[in-house]
Structure formats: structure tokens, C-alpha cells
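One-letter residues, chain by chain:
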Amino acid sequence: TPLWTANLVNSLFSLAILITAGYFFIKRDVRGWYIIAGEIILGGSGSYFGIGSVSLRTLLLILSLGIFFFYKLKDKKIKEITGDKLFVIIFGIVVWVGISALIGLRNGHALSNVFADTIPYLFFLYYFPLKEIITNDNKFLSVTKNILIAALVGNFIFSTITFIGFTSHFFTLQDYYYHWYRDVAGGKITALPFSFFRLVLNEHLLLVPILLWLLAELIKQKNKRLNWVLAVTILLILAINLTRIYYLALVVGILMLFRKNYWFNWLKYSIAFLFILFAGFTVIHLVASSGQSLGWEIFGLRLQSIASPQIEDSSLSRMLLLPKIREKILSSPVWGQGLGDTITVYSPIFKQNITTPHFDWGYLEIWVELGAIGLILWFAFINIMIKILPNQLLPPLSALLIINITSPALFHVLGIITLVALMAQFEKNTND
């Protein structure tokens, strides 16, 4: 962080993991992919571990894919990849991303920004090994499911400790922990009235898609006890996350899960989920405020700001970005500005002009950086996903599509990994 440099132990530990994974990959041992799954699911935004200034996640990506494709070429099995029906669209996206990276560099964008925007798209290539692994290794899905359960419980504990720490003033804004939470964990902390703190982490991006999957399982009466525990855990995290687009995605996803055959279970569990979310927020706010407020005024304000964005600074900031984004799109509508682009706009929060790589409008950011060509490729990919995925996997996909309206959900590392997992799981079911 700006206040504390990384310890050498971190790099040594990361190097040990990288060497171990490399050994397994060379031996064609599936345990190498267990390490990949563990780092992605447990590693949050990917900034916890690294060697020097490069994250362990990026190094594992390069190492694993490099060895995977090397063996495909060596074994003369490259047609298993090129013959896949999703190869053309994935290859098209990755190639155009490479071209957009060059456009970004030509336009003078910072190398670090171009690199940060390019790397997530390479995670699309995980589709090819993942499809093979879940088809040939029966233990992989159960292992990753257990890792995911651990991640959800761990995130709940992490969020609870952080929330209590700030509410009790044990932690304070701008202290060491605050900077670690923002710069390493990749989170955001916002102080609200009555000692309530809104906590956001990048991995919260996946909470609603997972919650919708759990709801679908509960509607079908599958693993009720475990799914209930995990669902309540996620709902309580969302209660202190307070991201409006997540709530909208949840409601739309719930509506998409409606089936005549399960209408009563759908109604029962949907009402229960929404009640737990609202009641959880109320109780947490009541405790944080020492009984002074139920917090409903905050809840109402944030929902109302969807229609009247000028009443809240964060919504107003997003609206102020639109004219600047429009200018960038019009200046290069087809080819785009290239990856690594930034935008300068007046911030009502900081009361000054700021330059940021965050556009706060997912689809418009794709258009700005990748141009109309990139946007068309994305829409073509989404169209393929909608056509091939079974009905039970469409609500999680729809949640990502809605969240991407105001957040970089689709082209975030975790968003792309989710898309890859959905595709690979469908291909496994098709082959079975």
C-alpha cells in the first residue's frame, strides 16, 4: 500500500506456489489446476500474493496456459481446441483485444493501464483446459465447490470483522487497515450516517449469480440446509454492500427463475430472500447506530437515486461521466480508443477534476476502448451464451449482464471466469 511496502516473504511464498503448480503442470497432474482454482476462488481480487509487482494470478495464468498449449501442440491435438464450436468467438475476442492494446499504446495510454485491461481477457482461454478437466476428473467440481463454500464463509467473516472494526472505531478511515483493504483487498469503504459503513469488494461481483443458483437449488428442494446457510451468508454481505445494481440484478434473476411447476416454492423462497436482505440490513444498521436509526432512509435514498441521480454524489458522478464518454465514442466509434484509456471529469465528491480508468458504465467502456468491433464481438458472444445455456443457468448470466450496466462485470477477471465456468459446465453436460 502507499503506507507499507510488501514483505519479501510474500514473494517467496508466491514463488513456492508457482514452482509447485509448474511441477504439477509439467507432470500433467490435475493438482496443478486445483491450485489455479484455489487461487482464483480464494484469492479475491488477485492482489494478495505476487512476485515483485506481478500478481501470482497473472503468473499462474501465463504458466498454466503456456504448458497446456505446448502439450497440445506436442501431442498434435491442437484440433481439439480449434475444432471447438466456441473457438472462433473466443479467438476473435482475444485477437481484437490484442489489437486494441496496440491501439492504446499508440494513443499514449500508460503501459500499466493497458496491461491491466488486457490480462483479464486472457482468462477466456481457461475455457479449453477447464472443459477437459471437468469432463475427465470427477473430483474437480466437488473440490472447487468446497473451495467456493470456504470462500463464501471466509468473506462473510472478513466483512463482519471489517464492519465491526470500523463501526466500533477500532479501525479508522485512512489508517493502515483502510489502505490495505482498498489497495490490496481491492475494496471500497464508505462512511454513512449513524456509524454505518458500506463495504464493497471485487469478489462481491459474484454474490448475486451464486445466490440465484442457490435459489434455484432451494426451489427444487436440493441440499436445503447447506444452501440456506450459504444464501443467508450472501444476503447479509449484500446488506452491508448496498450496491443498487446488485439488488436490481437479484430481482430480475428471481423473476427469471419463475416456473409454473415450482410456483409455490419460487414464491416462498423469493419472499424469504428479500425479507432476509431487508431485515438483515435493518438489524445491522440498528445495532451499528446503537438503536438510533433503522437505516431505512439510507435504503430509500439509494433506491430513489436510480431515478433521480442528482440527489446522491456517487450517482451524480456517474451521470457527469456520460458527456465525456460520448465524446470519446464519437471520436473513434469503430476502432475505439484502445485499452488502458482514462477519463477526466469533475468529481462532486472530491470537488475537483480527477482522472480515472473507471468509466462506471460497463457497456460504454467496452465501446470506448474496443470500439464498435469489440462491442459487436461481445454481443455475439452473449448471444451464443443465451442460445446454448440451459434455463437454470440463464439467471446467473442475466445478473452479470445487468451488473455490467454500471460496473465492469463482464470483462472483470471474476466475471470472465464465471462465463468460462458456465460454458465449460454446459459442454460437460452436453458431452455426458
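See the structure above.
To start, this report covers the structure provided alongside it.

What counts and how
- Residues numbered from 1 in each chain as written.
- Predicted model: local features only at pLDDT ≥ 70, side-chain atom pairs only at ≥ 80, totals over all residues.
- Heavy atoms only, no water.
- Helix = DSSP H or I, 4+ residues; strand = E, 2+ residues; numbered from the N terminus.
- Buried < 20%, exposed > 50% of the residue type's maximum accessible area, 1.4 Å probe, protein only.
- Phe/Tyr/Trp six-rings, centres within 6.5 Å; stacked < 30°, edge-to-face > 60°.
- Lys NZ or Arg CZ within 6 Å of the ring centre and 35° of its normal.
- Polar contact = N/O pair within 3.5 Å; in protein donor to acceptor, adjacent residues only side chain to side chain.
- Expected span 1.5 Å × (residues − 1).
- Salt bridge = Lys/Arg side-chain N within 4 Å of Asp/Glu carboxyl O.
- Contact = heavy atoms within 4.5 Å.
- Patch = residues over 30% accessible without salt bridge, like charges linked within 9 Å, V, L, I, M, F, W, Y side chains within 5 Å.
- Areas by Shrake-Rupley, 256 points an atom, 1.4 Å probe, with all protein chains shown as cover.
- Core = buried A, V, L, I, M, F, W, Y, C linked by side-chain atoms within 4.5 Å.

## Some details on unusual backbone geometry
Alright, step 1. Phi angles above zero are rare outside glycine, and Gln221 is one such case at about 65°.
Alright, step 2. Along the polypeptide, Gln221 turns up in the loop between helix H10 (207–219) and helix H11 (224–241).
Alright, step 3. Judged by its relative accessible area of 36%, Gln221 falls in the partly exposed class.
Alright, step 4. The phi angle at Leu242 is positive, at roughly 55°, despite the residue not being glycine.
Alright, step 5. For Leu242, the position within the fold is in the loop between H11 and helix H12 (244–256).

## Focus on the packing of aromatic side chains
Alright, step 1. The full count for this structure, using the stated rule, is 35 aromatic pairs.
Alright, step 2. With a centroid separation of 5.7 Å and an interplanar angle of 25°, the aromatic rings of Tyr34 and Phe140 are classed as stacked. Of the two residues, Tyr34 sits in helix H2 (residues 31–42) while Phe140 sits in helix H8 (residues 138–167), which places them 106 residues apart along the sequence. Each member of the pair Tyr34 and Phe140 is classed as buried.
Alright, step 3. Taking the centre distance of 5.8 Å and the plane angle of 80° together, the rings of Trp263 and Phe264 count as edge-to-face.
Alright, step 4. Aromatic rings pair up to connect Tyr48, Phe158, Phe166, Phe170, Phe171, Tyr177, Trp180, Tyr181 and Phe197 into one cluster.
Alright, step 5. Over the ring of Tyr71 we find Arg28, and its NZ or CZ is 3.8 Å from the ring centre.

## Examining the side chain of Ser289
Alright, step 1. With respect to the helices, strands and loops of the structure, Ser289 is situated in the loop between helix H13 (263–288) and helix H14 (296–304).
Alright, step 2. Within the local environment of Ser289, its side chain forms a polar contact with the backbone oxygen of Leu286, the two atoms lying 3.2 Å apart.

## Points about H13
Alright, step 1. Compared with the 38 Å implied by 1.5 Å per residue over 26 residues, the 37 Å span of H13 between its first and last C-alpha is a close match.
Alright, step 2. Residues Asn265, Trp266, Tyr269, Ser270, Phe273, Ile276, Leu277, Gly280, Phe281, Thr282, His285 and Ala288 constitute the buried set of H13.
Alright, step 3. Where H13 ends, the next residue or the one after it, Ser290, has phi of about 55°, a positive value.

## Here's the deal with the pattern of salt bridges
Alright, step 1. Considering all chains together, one arrives at seven salt bridges under this definition.
Alright, step 2. In this structure, Arg28 and Asp75 form a salt bridge, with 2.8 Å as the shortest nitrogen-oxygen distance. Here Asp75 lies in the loop between helix H3 (56–74) and helix H4 (79–82) and Arg28 lies in the loop between helix H1 (8–26) and H2, a separation of 47 residues in the sequence.
Alright, step 3. For Glu132, the salt bridge is made with Lys72, and the minimal N-O distance between the two is 2.5 Å. Taken together, the residues Glu132 in helix H7 (residues 127–136) and Lys72 in helix H3 connect sequence positions 60 residues apart.
Alright, step 4. Residue class for Glu132 comes out partly exposed when judged on its relative accessible area of 24%.
Alright, step 5. When its relative accessible area of 8% is taken as the criterion, Lys72 is described as buried.

## Brief notes about the side chain of Asn404
Alright, step 1. Within the secondary structure layout, Asn404 lies in the loop between helix H17 (394–403) and helix H18 (413–431).
Alright, step 2. Not counting residues within four places of it along the chain, the set of residues in contact with Asn404 comprises Trp361, Gly362, Tyr363, Ile366, Ala409, Leu410 and Phe411.

## Focus on a nonpolar patch on the surface
Alright, step 1. Taken together, the side chains of Phe258, Trp263, Phe264, Leu267 and Ile271 make up a nonpolar region of the molecular surface, amounting to roughly 520 Å² of accessible area.
Alright, step 2. Looking at where Phe264 falls in the secondary structure, it is placed in helix H13.

## Quick word on the nonpolar core
Alright, step 1. Of all hydrophobic cores here, the largest spans 122 residues; its most connected members are Ile90, Phe124, Tyr126 and Trp378.
Alright, step 2. In this view, Ile90 contacts Phe124, Leu125, Tyr127, Phe128 and Met423; residues no more than four positions away in its chain are not counted.
Alright, step 3. Within the second largest apolar cluster, eight residues are counted, among which are Ile343, Phe359, Trp361 and Val368.

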